[in-house]
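Overview (structure and organization)
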There are 2 protein chains.
Amino acid sequence: MAQKVTIYDIAKALDLTPATVSRALNDSYEISESTKEKVRALARQLNYQPNRMASGLRSKRNKMIGILVPNIAYHFNSSAIAGIEEVLGAQGYRTIICQTHEKLDREIENLKDLVSIRVDGLIASLSAETLQLDHFQDLQMPLVFIDRVPIDDRFIRIHIDNEDAAYKGVQHLLQSGRKHIAWLAGPEGLDIAERRYRGYCRAHQEAETSIDPQLKIHFHFKPGDPYHRLRQTIQEKPAIDAVFSINDRIAIEALAAIRDAGKSVPQDIAVMGFNNESISPWLYPSLSSVSQPSFEMGREAALQLLGLIKGQKMQSRSFVFETHIVERGSTLPVLVKG
Amino acid sequence: MAQKVTIYDIAKALDLTPATVSRALNDSYEISESTKEKVRALARQLNYQPNRMASGLRSKRNKMIGILVPNIAYHFNSSAIAGIEEVLGAQGYRTIICQTHEKLDREIENLKDLVSIRVDGLIASLSAETLQLDHFQDLQMPLVFIDRVPIDDRFIRIHIDNEDAAYKGVQHLLQSGRKHIAWLAGPEGLDIAERRYRGYCRAHQEAETSIDPQLKIHFHFKPGDPYHRLRQTIQEKPAIDAVFSINDRIAIEALAAIRDAGKSVPQDIAVMGFNNESISPWLYPSLSSVSQPSFEMGREAALQLLGLIKGQKMQSRSFVFETHIVERGSTLPVLVKG
DNA sequence: TTGAAAGCGGTACCAC
DNA sequence: GTGGTACCGCTTTCAA
């Protein structure tokens with residue numbers, strides 16, 4: 001591993017001091033254009049690469065941002081990350097993506113690592129296991145939550161109104177004549193799922209439709225588990241005429257379970273997903289979904305974080321994004337026969 | 001931002017020197033157990049978090065590994081990353097994930113950043129635009145390529161035999177009686193796709209089936225484009241009786257295009273995907289796919305990189321993983337009618 | 001087993 | 001506009 005070029009090498013070659021070279025490379029106003037030119041030219045020629053460790057150590061800013069999410073394979077996360085990186089990248093910030101895999105201990109461990117790297121800020125989405133926030137409390141760094149946000153309103157939070165979003169989705173199903181709606185909730189204790197269930201309940205109450213608590217179905221985010229849980233429930237509750245799923249990926253398994261139960265979508269059972277993922281229009285039947293602007297939410301999270309880093313005092317602590325229903329084939333109302 | 005605790009604080013409090021504290025925290029054999037205990041206890045109590053900037057600057061090792069992939073939303077990548085992180089995490093290494101979004105300039109930029117962070121090593125998968133490797137040539141750090149690997153055999157490469165994998169997939173289609181197989185190739189110039197096309201051709205030649213070059217279909221990895229390209233091709237070439245897709249995500253669009261063209265799968269047209277993604281068993285019809293062990297490949301990439309970092313001389317430069325066909329409904333052979 | 005001190009490669013303050 | 005230099009927090013010789 002050949003010795004790296006440093007600003008000392010450049011300084012020596014040009015008969016300058018490291019301080020001057022540093023200022024030149026950082027385009028400081030105090031340095032003459034001619035010196036800057038010479039320094040930049042030689043830096044390029046020697047293929048000089050700055051050492052972020054060193055500059056970060058001294059300046060306490062390394063232009064790195066931590067992103068902590070449950071799983072990059074989730075559509076919301078990869079999409080939000082794209083939005084985050086678009087904003088942050090334009091300002092010269094780099095991101096360090098960490099996955100908790102829904103585990104609290106991974107979350108704590110990743111957090112420690114991000115602290116030890118001394119990232120300039122953090123954008124986080126809570127794991128399914130996270131119930132208390134001790135590990136976030138005294139982080140002492142700019143922090144923005146996204147999607148899976150805590151209740152604590154001292155934090156800046158970017159999210160949707162999960163209750164309202166589910167309310168709209170379930171209302172749509174009820175209005176198309178469905179009465180027995182299964183809620184594919186995901187793992188036990190997931191906050192966003194509980195909020196959505198509240199919207200589910202409210203829509204039922206307003207429509208004066210009775211709620212069967214057994215239609216709230218929990219499962220692990222593990223291929224096959226949602227399928228089997230739903231198949232079993234359909235067997236036990238043959239009156240089910242709609243399924244509302246926590247995300248589109250899971251809704252695909254729901255479509256399969258319904259098909260294998262000998263029922264058809266949307267004639268017998270309507271299906272509504274969540275997130276409006278890019279594959280959903282191409283499924284059969286095409287999947288209706290509650291859409292949330294994940295990319296834009298990522299952008300906003302990044303903008304808020306930049307504000308925090310620059311020390312601006314932020315007006316609002318909570319940014320609630322709008323959701324809307326995307327109607328497709330899987331929730332077409334059933335025509336009255338005859 | 002409260003002042004961070006340093007080893008100086010711990011040293012002062014315990015009437016030791018920073019050197020001793022450093023050694024104690026790193027579990028050095030030269031430090032007595034009793035001192036280690038005291039240091040660790042106080043470190044925990046003060047919530048000491050080591051500064052990787054500083055230790056990395058001095059020791060030239062920061063236990064960080066760069067991962068450079070086209071897109072984390074691709075199934076292969078998120079899955080391989082999980083494998084990489086499993087191996088590296090156990091050794092105390094952290095990963096910094098960068099996305100090129102298939103752009104050469106993003107690749108070069110990300111590479112510079114990873115160099116400036118002085119990561120201990122790099123695992124990379126080439127962007128679709130990457131034709132030459134100048135930016136990788138003089139990186140001067142342990143480097144392993146995965147999936148989208150260069151031809152250059154001076155690099156360690158983790159990959160499958162793309163030609164052979166496609167050969168097997170196409171052979172399977174030909175043997176089930178298909179004769180006009182469209183190849184959904186992805187963007188122009190993608191190396192793995194070209195290799196797979198060679199396998200496609202070889203399978204045709206061995207089966208003495210003629211090849212129609214117009215059945216090689218290029219498109220962008222952008223929702224809708226594969227669908228429209230395939231619909232158009234089906235219209236122009238009504239004899240198409242099979243579709244082989246570069247990945248399962250794209251195959252979903254193919255299923256939609258075929259359906260909307262009034263044909264059915266697998267009766268009129270068989271569909272074979274690639275990667276055997278987790279949703280594929282639940283599609284309708286369930287999707288046959290060429291499976292590659294992405295998680296294991298990620299693990300192997302990490303193991304090889306660790307070997308390089310530890311200075312072991314690696315025997316083999318190329319690790320070729322086995323693929324196999326997963327047969328599902330979308331390629332069922334058509335029963336002879338009557 | 002522990003201490004003393006010299007860096008690692010930049011940045012920032014104070015001179016000039 | 002540029003130079004000199006202390007210093008960021010830790011690691012690593014060399015001594016004791």
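Notes on the structure in this doc start here. Please read these numbers as outputs of a predicted model, since none were measured by experiment. (Residues numbered from 1 in each chain as written. Chains lettered and ligands numbered in written order. Predicted model: local features only at pLDDT ≥ 70, side-chain atom pairs only at ≥ 80, totals over all residues. Heavy atoms only, no water.)

Some remarks on the relation of the copies chain A and chain B
Aligned on chain B, chain A shows an RMSD of 0.0 Å; the corresponding rotation is 180° and the shift along the axis is 0.0 Å. In symmetry terms, the pair is related by a two-fold rotation axis. Residue by residue, 100% of the interface of chain A is reproduced at the interface of chain B, so both copies engage with the same surface. (Least-squares fit on C-alpha atoms with pLDDT ≥ 70 in both. Contact = heavy atoms within 4.5 Å.)

Points about the pairing of strand 5 (residues 156–160) of chain A
All names here are of chain A. The buried fraction of strand 5 is high, at five of five residues. The two faces of strand 5 match: I156, I158 and I160 on one face and R157 and H159 on the other face are all buried. Where strand 4 (residues 143–146) meets strand 5, three bridges bridge the pair, whose relative direction is parallel. Bridged to F145 within strand 5 is R157. Note that strand 5 and strand 11 (residues 318–321) share four bridges and pair parallel. Opposite I158, over in strand 11, you have F319 as the bridge partner. (Buried < 20%, exposed > 50% of the residue type's maximum accessible area, 1.4 Å probe, protein only. Helix = DSSP H or I, 4+ residues; strand = E, 2+ residues; numbered from the N terminus. Pairing = 2+ DSSP bridges.)

Overview of the protein's contact with DNA strand D
Contacts to DNA strand D come from 29 residues, most closely from T20(A), T35(A), S22(B), Y48(B) and R58(B). Of all DNA strand D atoms lying within 4 Å of any protein atom, the proportion belonging to sugar or phosphate reaches 61%. Separating a phosphate oxygen of DNA strand D from a side-chain N or O atom of R61(B) is a distance of 3.0 Å. Every element with two or more residues in the surface near DNA strand D is listed here: helix 2 (18–25) and helix 4 (52–59) of chain A together with helix 1 (7–14), helix 2 (18–25) and helix 4 (52–59) of chain B. Here the element with the most residues in the surface near DNA strand D is helix 4 of chain B; it accounts for four residues. Classifying every residue of the surface near DNA strand D gives ten nonpolar, eleven polar and eight charged. (Near = heavy atom within 4 Å. Polar contact = N/O pair within 3.5 Å; in protein donor to acceptor, adjacent residues only side chain to side chain. Nonpolar A, V, L, I, M, F, W, Y, C, P; charged D, E, K, R; others polar.)

Some remarks on the pattern of salt bridges
As a working rule, side chains carrying opposite charge can pair if their charged atoms are close by. Overall, the coordinates contain 42 salt bridges over all chains when judged by the stated rule. Its salt-bridge partner being R52(A), residue D113(B) comes within 2.5 Å of it at the nearest N-O pair. With D113(B) in helix 6 (residues 104–117) and R52(A) in helix 4, this pair bridges two chains. For the pair shown, D113(B) and R52(A) are each scored as buried. The salt bridge involving E102(B) is made with R148(B); its shortest N-O contact spans 2.8 Å. Here E102(B), found in the loop between strand 2 (94–99) and helix 6, pairs with R148(B), found in the loop between strand 4 (143–146) and strand 5 (156–160); they are 46 residues apart in sequence, far enough to count as distant. (Salt bridge = Lys/Arg side-chain N within 4 Å of Asp/Glu carboxyl O.)

Some details on empty space enclosed by the protein
Under the definition given, this model contains three cavities of 30 Å³ or more. In this structure, the largest cavity encloses a volume near 90 Å³. For the largest cavity, the full set of lining residues is I252(A), L255(A), R259(A), W282(A), L283(A), Y284(A), I252(B), L255(B), R259(B), W282(B), L283(B) and Y284(B). Looking at the lining of the largest cavity, the elements with two or more residues in it are helix 11 (248–260) of chain A together with helix 11 (248–260) of chain B. Class assignment of the residues belonging to the lining of the largest cavity gives a composition of ten nonpolar, no polar and two charged. (1 Å grid on protein atoms, 1.4 Å probe; cavity = no way out; pocket = protein on both sides within 12 Å on 5 of 7 lines; lining within 4 Å. Points joined across faces, edges and corners; volume = space filled by probe spheres on them.)

Observations regarding the sheet that holds strand 12 (residues 324–326) of chain A
Sheets are built from strands that pair by backbone hydrogen bonding, the pairs being arranged parallel or antiparallel. Residues and elements named next belong to chain A. Ordered by their spatial adjacency, six strands build an open sheet running 7-6-8-9-10-12, and the pairing between neighbours is mixed. Only two strands of the sheet have a single partner each, and these edge strands are strand 7 (216–218) and strand 12. Sheet twist, expressed as the mean angle between neighbouring strand axes with direction ignored, is 20°. The strands that helix 10 (residues 225–236) touches are strand 6 (181–186), strand 7 and strand 8 (242–245); relative to strand 7, the one it contacts most, it runs at about 145°. (Axes fitted to C-alpha atoms, helices over the stretch in contact; angles between N-to-C directions.)

Things to note about the packing of aromatic side chains
Here the structure, examined in full by the defined rule, presents 16 aromatic pairs over all chains. For the pair F145(A) and F155(A), a centre-to-centre distance of 5.0 Å together with 80° between the ring planes defines the contact as edge-to-face. Of this pair, F145(A) sits in strand 4 while F155(A) is found in the loop between strand 4 and strand 5, placing the two residues ten residues apart along the sequence. Given a relative accessible area of 0%, F145(A) falls into the buried group. On the numbers, 5.7 Å between centres and 65° between planes, the contact of Y74(B) with F221(B) is edge-to-face. Here Y74(B) is found in the loop between strand 1 (64–69) and helix 5 (75–90), whereas its partner F221(B) is found in the loop between strand 7 (216–218) and helix 10 (225–236), with 147 residues between them in sequence. Using a relative accessible area of 28% as the deciding quantity, one classes F221(B) as partly exposed. Of the aromatic side chains, those joined through ring pairs into one cluster are Y74(A), F219(A) and F221(A). (Phe/Tyr/Trp six-rings, centres within 6.5 Å; stacked < 30°, edge-to-face > 60°.)

Observations concerning the nonpolar core
One finds V243(A), F244(A), V243(B) and F244(B) to be the most contacted residues of the largest nonpolar core, which totals 150 residues. Grouped together as the second largest cluster of nonpolar side chains are 42 residues, L114(A), L133(A), V149(A) and L111(B) included. (Core = buried A, V, L, I, M, F, W, Y, C linked by side-chain atoms within 4.5 Å.)

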